[in-house]
Amino acid sequence: MRTRAAISAALASAGILLAGWQSGAHVAGTGSPVTAAASGSSSSSGSTGAGGAATTAGGGAAAQAAGTYTGTAVQTRFGAVQVQITVNAGTITDVTALRLTDEDRKSVQISNRAAPLLRAAVLKAQSADVQTISGATVTSDAYLTSLQAALDAANL
Amino acid sequence: MQRTSESAPAGQPVPRPATRRNPALRSRTFRCMGTVISLALPDRGAPRTVPVLEGATAAVERVFTELDAMFSLYRPDSEASRLASGELTLRDASSAFRARFADATGWRLLTEGFFTPERPDGVLDLSGIIKGHAIGQAAAALEAAGVEDWCLNAGGDVLVGGSPVPGSGTPWLAGIVDPLDRASLLSAFPLGGGGRFEALATSGTSERGDHIWRAGAGRTEFRRTEFRQASVVAADIVTADVLATAIVAGGRAMVDWATDSWDVEVLAVLGNGELLATPGFNAARGA
């Protein structure tokens, strides 16, 4: 999941940069400042959508659209992801991941999606072992016959 | 966490001995918001524990009572009722009321409408967020009073601090009711004890019928839900509570959205009794 998220976010960023670079190159031919912005929404990873903007480092000397383009950081569940591309003579010569998530603990977490689980395989405890009970909202009346009421009575 | 299945001896004496397995607790309860709130503290002997417990319970009850007086739609003089009747408009509501309204509408956006503060008849009902907020505020009151180890349960929504065995780092163990047999536990999850999860909320259709509203494309309606019950473990109680509600309303799509977007563990019971669980609830891999 993390890898997929990172890759799809990176691809999204790269796509944004590519779009930016193309329109930048087009604009460059007319002698205008080379800036471009594009936006797109990212991956299925639960990120909140992303905007991307690319600007050249090379300024007006970008007849060949050369330069380094930095994508905006894309937020994912596993942290921020950000890439940078280098363009030389109209060709992408390098893609660098500036940030690939910033929390170590989460980046080792592959997937936390819910999957079917047999009742026998779920984390269990006897009611004698627990200190409190969670259930769908208990009304005052239903409380009287609930497991929580039994626990509370034992701890008076 | 591996737990043995040996059962507790019959006729167990009360108070129980303080062991890691069965930490001795003392608890007090009171009624508010249509439910019962229980506060439990580790038992260090009656003379030391009872005065602290009673003071702490009074502080918690104050928090709940004040919020109930403002937000209950069952009290004709509450701010919520005066808003519902049109006597008051939102722009003239108190800043506390507007803050909770902002929270609730924020959660509606974050859950793509599956959590909503509006009843099908259009009345603003913040009760879906107020109980969680009250639990969180009560926790702040307990910590301000210097109470470090506690377990608060408000109608089945749980928030803990510290450990049932002070200083040990042992987590509180919270059971989850089986919606198909309310006298038994479906599962359990360790909370607190220094871990990152301190809250557990369960939402479902079994206690009050189908009481969860589903927001569709521009409309809110009652709907028979795909899930019978959903439990969410999180760092804070409002997140756990809101997401549990949203999952029962939103079904599988909302489960995936919740687990992808928040650091939570989820255990959901489908209508046919089958389970959907995140890895933390799997006994083989879990917490």
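Residues numbered from 1 in each chain as written. Chains lettered and ligands numbered in written order. Predicted model: local features only at pLDDT ≥ 70, side-chain atom pairs only at ≥ 80, totals over all residues. Heavy atoms only, no water.

## Overview of the confidence of the model for chain A
Residue and element names in this part refer to chain A. Confidence in the prediction of chain A, expressed as mean pLDDT, is 66, and 49% of residues score 70 or more. Within chain A, no element has a lower average pLDDT than strand S1 (residues 35-40), which sits at 36, and none a higher one than strand S8 (residues 132-134), at 96. Taken as a whole, residues 17-62 scores under 50 in pLDDT and shows 80 contacts with residues more than four places along the chain or in a different chain. (pLDDT = per-residue confidence, 0-100. Helix = DSSP H or I, 4+ residues; strand = E, 2+ residues; numbered from the N terminus. Contact = heavy atoms within 4.5 Å.)

## Describing the interface of chain A and chain B
Often, the extent of an interface is quoted as the loss of accessible area upon association of its parts. If you look at the interface, chain A gives 45 residues, while chain B gives 79 residues. Buried surface at the junction of chain A and chain B, both sides included, amounts to about 5200 Å², of which 50% is carbon and sulfur. For the chain A face of the interface with chain B, the top three residues by lost area are Arg119(A), Leu123(A) and Gln131(A), together amounting to 16%. Between Arg119(A) and Asp178(B) there is a salt bridge, with the nearest N and O atoms lying 2.8 Å from each other. Across the contact surface, chain A and chain B share 27 residue pairs in polar contact (both at pLDDT 80 or more). Of all the secondary structure elements, the ones that give two or more residues to the side of chain A that touches chain B are helix H2 (104-107), strand S7 (115-117), S8, helix H3 (140-143) and helix H4 (147-154) of chain A. Across the side of chain A that touches chain B, the residue classes tally to 20 nonpolar, 17 polar and 8 charged. In the sheet, S7(A) pairs with strand S12 (residues 275-277) of chain B via 3 bridges, with the strands oriented antiparallel. Bridge pairing in S12(B) links Pro116(A) to Leu276(B). (Buried area = accessible area lost by both parts, 1.4 Å probe. Salt bridge = Lys/Arg side-chain N within 4 Å of Asp/Glu carboxyl O. Polar contact = N/O pair within 3.5 Å; in protein donor to acceptor, adjacent residues only side chain to side chain. Nonpolar A, V, L, I, M, F, W, Y, C, P; charged D, E, K, R; others polar. Pairing = 2+ DSSP bridges.)

## What to know about the packing of aromatic side chains
Residues and elements named next belong to chain B. All told, the structure shown has 5 aromatic pairs over all chains when counted by the stated rule. For the ring pair Phe189 and Phe281, a centre distance of 4.9 Å and an interplane angle of 55° mean the geometry is tilted. Of the two residues, Phe189 is situated in strand S6 (residues 181-191) and Phe281 in the segment after S12; the sequence distance between them amounts to 92 residues. Taken individually, Phe189 and Phe281 each receive the classification buried, so the pair is uniform in this respect. Each residue in the set Phe189, Phe197 and Phe281 is aromatic and connected to the rest through ring pairs, giving one cluster. (Phe/Tyr/Trp six-rings, centres within 6.5 Å; stacked < 30°, edge-to-face > 60°. Buried < 20%, exposed > 50% of the residue type's maximum accessible area, 1.4 Å probe, protein only.)

## Quick look at the pattern of salt bridges
Residue and element names in this part refer to chain B. In this structure the tally under the stated criterion is 14 salt bridges over all chains. A salt bridge links Arg44 to Asp149; the shortest N-O distance between them is 3.8 Å. One end of the pair, Arg44, is in the loop between strand S2 (35-42) and helix H1 (46-71); the other, Asp149, is in the loop between helix H4 (127-144) and strand S3 (150-154), and 105 residues separate them in sequence. Under the relative-accessibility criterion, Arg44 is labelled partly exposed at 43%. Two residues, Glu118 and Arg108, come together in a salt bridge whose shortest N-O distance is 3.8 Å. One end of the pair, Glu118, is in the loop between helix H3 (95-110) and H4; the other, Arg108, is in helix H3, with 10 residues separating them in the sequence.

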